[in-house]
There are 2 protein chains.
Amino acid sequence: MAKWRDVLGIGFYEEPNVGFNAYRLHFNENLFLPREYYESILSVLLDPDLIRYYTEPLNPTLNELIAKHINVDAGNVFATAGGDEGIRLLTQFALHGNRKLLIIEPTYSMPRAIAESMGIRVEESVLNPDYQLNVEDIVKKSHDADVVYLCNPNNPTGNVFNKSDIEYLASRLNSLIIIDEAYADFAGLTLINLIKHYDNVAVVRTFSKAWGLAGLRIGYVVGSEVIIEGLRRISLPHNIPYPSIAMLSKALQLRHYVEESIREMIKVREYLYGRFSELGLRPLGSVTNFITFHVFKPNEVYEGLFKRGFILRNLSGKVMCEDCLRATIPPMHIAEELINNLEALMKSHLMDT
Amino acid sequence: MAKWRDVLGIGFYEEPNVGFNAYRLHFNENLFLPREYYESILSVLLDPDLIRYYTEPLNPTLNELIAKHINVDAGNVFATAGGDEGIRLLTQFALHGNRKLLIIEPTYSMPRAIAESMGIRVEESVLNPDYQLNVEDIVKKSHDADVVYLCNPNNPTGNVFNKSDIEYLASRLNSLIIIDEAYADFAGLTLINLIKHYDNVAVVRTFSKAWGLAGLRIGYVVGSEVIIEGLRRISLPHNIPYPSIAMLSKALQLRHYVEESIREMIKVREYLYGRFSELGLRPLGSVTNFITFHVFKPNEVYEGLFKRGFILRNLSGKVMCEDCLRATIPPMHIAEELINNLEALMKSHLMDT
């Protein structure tokens, strides 16, 4: 008896559709890139014939462009439709093993949802109280895990894991290790070099965050030849549209805008860290473009800010972050408005009771 | 012991990367749409902020646009990154059942590759000699199939299956039935109405073929609420980039170009059918924008045409089509060149031996 309807029994990564008019502080888009950057990208000439035709199978030209951009061999790069597609494809490797994904919580919610959408078992290892990896626990739990997912810098804690811990895990585990570097550009760091020594390490990167191109849906995986070959076998051949590829090619010539935007963002992050602390909101230190903070009544504050036009991420379902909200760092005038609104909310009856 | 490297043991849907300078007659793109159509599409104004931001989760606005376009409820539409993503997502339903896909051969190669990429078993039912469905065989083989895939009109045979057979299967089977209508626009037919009566029917459609927009990577699934809900649970939330969505929205206002291009294409298809027959190449009747024909030495003719700049699809690995090639219908002057080159090839030594 066929049971395709069983798919309705699985979990669900549901995002609020808040439109584009509120202050979107929930997706960690880069809110510091100037209009000129986008106008330059949009000025790229598009070839009508390349709208008509299918894109190059498995994107060899795009892979070369990205490889040059990060200074690795093109054979170690696999372009994906956003970083999420990289996570999905790498998780799919588990379908050919024992089918278990180990995730390091608290972390990005998507890997769990992706694994559940494929009927893959999910186990979790929780961070130590200092937000570093519990290496012993990860080693123990990954003996039968095909794939291990960690995000570095981590979302939502905003910190960097010890490189020596990650390298130890790479050398010690038989599992495929996904290192999600969605926020690495903000911190000016990367573990891409690990792929030279460990063929089980796959680094997932995206142009949606620091490069401010979430609407184009392009990311990439950097990994050993065996990982790239596996991705070639399980990917659809035309996974990225031509206009997105053409616009990304233009954007890669505009790195100075990205670098300047990060410098500006860091100033506001420091401002917010100070103001949150003054308000008694206990922010977590962050090397990314978001800041997570403890708050007395997270659901009420989340709702209160939502009504005032600020969309944050409510982390109250997450281990270690049960009383936390997360905000994308916005330009200074919005950051000030956010603080003003938070103060007002905290003074209101919601906070007194 | 983790076995993620097992992914390298699976089959592989490898496409030739022939670039854009040869005559591309292997992907069934619409080669009849005029430059003005594309220039109008490319003239659409893009909003810089929508490059910066993530697209709407699960594309509610795009779903409504498509629903209006095909005159169904938005709740019955799920937009996908090309038709292939629709097939992939629907095949993924099998991961929550007994994990078997039944395909009706000869057909499009992608569903088998997708299923194998997920570790899903594939079984096949071969068409009757008249290229119609072997209904009895399908019923027998689908008792434990979670998903059944068929393409209508069929690729590469180019014909339409009897509607009564498909409707009988929909009523009789417990499986999810994927009806791939990639070529239906060329034939002016659709089975979308079946979704009102059978909640296990999912119709997969694309803008890559008749609408000439393969480079944008947009398709959609039409199905019952239960199917759409399942897709919402297993899809990544931002599966289609903003520039593609914006350009599609423009294209949907330009239907007259598409209709005219189909009329022109049909004239050339009739010309090619006649000329192939005169050359003794035994073409199959087609309601699509491709034509499949029997030829004495398919590999040699394929290679010979390739060297002369014509990329066809070599079907010699396919059941019932072992001695067949398939060509996208090109504009008349290219069709005439194709015939001239075929004649020359047949007269050459390759054909005499």
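Residues numbered from 1 in each chain as written. Chains lettered and ligands numbered in written order. Predicted model: local features only at pLDDT ≥ 70, side-chain atom pairs only at ≥ 80, totals over all residues. Heavy atoms only, no water.

A. Expanded view of the packing of aromatic side chains. Counted under the stated rule, the structure contains 23 aromatic pairs over all chains. Here the aromatic rings of Phe20 of chain A and Tyr53 of chain B are separated by 5.9 Å at their centres, their planes lie at 10°, and the arrangement is stacked. Of this pair, Phe20 of chain A sits in the segment before strand S1 (23-24) while Tyr53 of chain B sits in the loop between helix H2 (48-52) and helix H3 (60-70), on two different chains. Classification of Phe20 of chain A as partly exposed rests on a relative accessible area of 30%. Of the aromatic side chains, those joined through ring pairs into one cluster are Tyr37, Tyr38 and Tyr257 of chain A. (Phe/Tyr/Trp six-rings, centres within 6.5 Å; stacked < 30°, edge-to-face > 60°. Helix = DSSP H or I, 4+ residues; strand = E, 2+ residues; numbered from the N terminus. Buried < 20%, exposed > 50% of the residue type's maximum accessible area, 1.4 Å probe, protein only.)

B. Representation of the relation of the copies chain A and chain B within the structure. Rotating chain A by 180° about the axis while translating it 0.0 Å along that axis superimposes it on chain B, leaving an RMSD of 0.0 Å. Both chain copies can therefore be described as sitting about a two-fold axis. No C-alpha of chain A lies nearer the rotation axis than that of Pro243 of chain A, which sits 3.2 Å from it. Of all interface residues in chain A, 100% are interface residues in chain B too; the two copies therefore contact each other through one and the same surface. (Least-squares fit on C-alpha atoms with pLDDT ≥ 70 in both. Contact = heavy atoms within 4.5 Å.)

C. Seen up close, the sheet that holds strand S12 (residues 324-328) of chain A. Residues and elements named next belong to chain A. Taking strand neighbours across the sheet as the criterion, the 3 strands line up as S9-S12-S11 in an open arrangement whose pairing is antiparallel. Strands at the two margins of the open sheet, each flanked by one partner only, are strand S9 (290-294) and strand S11 (313-314). For S9 and S12, the ladder comprises 5 bridges, and the chain directions are antiparallel. Bridge pairing links Thr292 to Arg326 in S12. (Pairing = 2+ DSSP bridges.)

D. Inspection of the domain arrangement of chain A at higher detail. Residue and element names in this part refer to chain A. In terms of domains, chain A is made up of domain 1 (14-33 + 255-352) and domain 2 (54-251). Placing the centre of domain 1 and that of domain 2 at their C-alpha centroids yields a distance of 26 Å. A buried area of about 2000 Å², summed over both sides, lies between domain 1 and domain 2, and 64% of it is on carbon and sulfur atoms. Contact with domain 2 buries area across many residues of domain 1, yet Val287, Lys318 and Met320 alone supply 27% of it, more than any other trio. Between domain 1 and domain 2 we count 0 salt bridges in total. Our count for the domain 1 to domain 2 interface comes out at 9 residue pairs in polar contact (both at pLDDT 80 or more). (Domains from an automatic or database assignment. Buried area = accessible area lost by both parts, 1.4 Å probe. Salt bridge = Lys/Arg side-chain N within 4 Å of Asp/Glu carboxyl O. Polar contact = N/O pair within 3.5 Å; in protein donor to acceptor, adjacent residues only side chain to side chain.)

E. View of the interface of chain A and chain B. Each partner contributes residues to the interface: chain A has 86 residues there, and chain B has 87 residues. Taking both partners together, chain A and chain B bury about 8100 Å²; carbon and sulfur atoms supply 64% of that area. On the chain A side of the contact with chain B, Trp4, Arg52 and Tyr54 of chain A bury the most area, a combined 12% of that side's loss. Linking chain A with chain B are 2 salt bridges. A salt bridge links Arg5 of chain A to Asp199 of chain B; its shortest N-O distance comes to 2.6 Å. The interface formed by chain A and chain B holds 38 residue pairs in polar contact (both at pLDDT 80 or more) in total. Within the residue set of the side of chain A that touches chain B, elements represented by two or more residues are helix H1 (35-42), helix H2 (48-52), helix H4 (82-92), helix H5 (110-117), helix H9 (225-234) and helix H10 (242-251) of chain A. Per element, the largest residue contribution to the side of chain A that touches chain B is 7 residues, and it comes from H9 of chain A.

F. The arrangement of the UniProt feature "domain: Aminotransferase class I/classII large" (unreviewed entry) in chain A in detail. Mapped onto this numbering, the UniProt entry annotates "domain: Aminotransferase class I/classII large" (unreviewed entry) at residues 25-340 of chain A. The span residues 25-340 of chain A is 40% helix and 16% strand, and its two end C-alpha atoms sit 16 Å from each other. (UniProt positions renumbered as here; feature names shortened; annotations may be inferred.)

G. Seen up close, the side chain of Glu181 of chain A. All names here are of chain A. Positionally, Glu181 belongs in the loop between strand S6 (176-180) and helix H8 (184-187). A polar contact is formed between the side chain of Glu181 and the side chain of Thr190, at a distance of 2.7 Å. At a separation of 2.6 Å, a polar atom in the side chain of Glu181 contacts the main-chain amide nitrogen of Leu191. Those residues in contact with Glu181, other than ones at most four positions away along the chain, are Asn152, Leu189, Thr190, Leu191, Ile192, Val203, Val204 and Arg205.

H. Examining the nonpolar core more closely. If you look at the biggest cluster of nonpolar residues, it comprises 180 residues, and the most contacted ones within it are Leu213 of chain A together with Leu213 of chain B. Sequence-distant contacts of Leu213 of chain A, that is, excluding residues within four places in its chain, are made with Tyr37, Tyr38, Ile41, Phe207, Ser208, Leu248 and Ala251 of chain A together with Ile51 of chain B. Of all hydrophobic cores here, the second largest spans 70 residues; its members include Ile178 of chain A together with Val7, Leu90 and Tyr149 of chain B. (Core = buried A, V, L, I, M, F, W, Y, C linked by side-chain atoms within 4.5 Å.)

I. Structural context of the packing of H4 of chain A against H9 of chain A. All names here are of chain A. Between H4 and H9, the least distance of the axes is 10 Å, while the angle of their chain directions is 95°. Relative to H9, the element H4 lies roughly perpendicular. On H9, the residues touching Leu89, Leu90 and Gln92 of H4 are Ile227, Leu231 and Ile234. Across the contact of H4 with H9, the residue classes tally to 5 nonpolar, 1 polar and no charged. (Axes fitted to C-alpha atoms, helices over the stretch in contact; angles between N-to-C directions. Parallel < 35°, antiparallel > 145°, perpendicular 65-115°, else oblique. Nonpolar A, V, L, I, M, F, W, Y, C, P; charged D, E, K, R; others polar.)

J. Broad picture of the environment of Tyr13 of chain B. With respect to the helices, strands and loops of the structure, Tyr13 of chain B is situated in the segment before strand S1 (23-24). In this structure the C-alpha to C-alpha distance between Tyr13 of chain B and Ser117 of chain B, which are 104 residues apart in sequence, comes to 9.8 Å. Not counting residues within four places of it along the chain, the set of residues in contact with Tyr13 of chain B comprises Pro237 of chain A together with Tyr108, Ser109, Met110, Ala113 and Arg313 of chain B.

K. Representation of the pattern of salt bridges within the structure. Enumeration over the complete set of coordinates arrives at 36 salt bridges over all chains. Close ionic contact of Asp137 of chain A with Lys141 of chain A constitutes a salt bridge, the shortest N to O distance being 3.0 Å. Of this pair, Asp137 of chain A and Lys141 of chain A both sit in helix H6 (residues 135-141), 4 residues apart, roughly one helical turn. Between Glu105 of chain B and Arg112 of chain B there is a salt bridge whose closest N-O contact spans 3.3 Å. Judged by relative accessible area, Glu105 of chain B falls into the buried class, the value being 7%. Judged by relative accessible area, which is 25%, Arg112 of chain B ranks as partly exposed. One network of salt bridges, in which partners are shared, links Lys100, Glu123 and Asp144 of chain A.

L. Region of interest: the sheet that holds strand S5 (residues 147-151) of chain B. Residue and element names in this part refer to chain B. Strand order in the open sheet formed by 7 strands is S2-S8-S7-S6-S5-S3-S4, and the pairing between neighbours is mixed. Each having just a single partner strand, strand S2 (77-80) and strand S4 (121-126) make up the two edges of the open sheet. Going across the sheet, the axis of each strand differs from the next one's by a mean of 20°, ignoring polarity. Where strand S7 (residues 201-206) meets strand S8 (residues 219-223), 5 bridges bridge the pair, whose relative direction is antiparallel. Bridging from a neighbouring strand, Thr206 pairs with Gly219 of S8. Its contacts with the sheet place H3 against S2, S7 and S8, and it is angled at close to 115° to S2. Running over the sheet, helix H4 (residues 82-92) touches S2, S5, strand S6 (176-180), S7 and S8 and is turned about 155° from S7.

M. Spatial organisation of helix H5 (residues 110-117) of chain B. Burial analysis of H5 of chain B places 6 of its 8 residues in the buried class, which makes it a mostly covered element. What H5 of chain B keeps buried is the set Met110, Pro111, Ala113, Ile114, Ala115 and Ser117 of chain B. Each element contacted by the buried residues of H5 of chain B is listed here: H4 and H9 of chain A together with H4, strand S3 (100-105), S4 and S5 of chain B. Immediately downstream of H5 of chain B, the backbone of Gly119 of chain B shows phi near 70°, a positive value.

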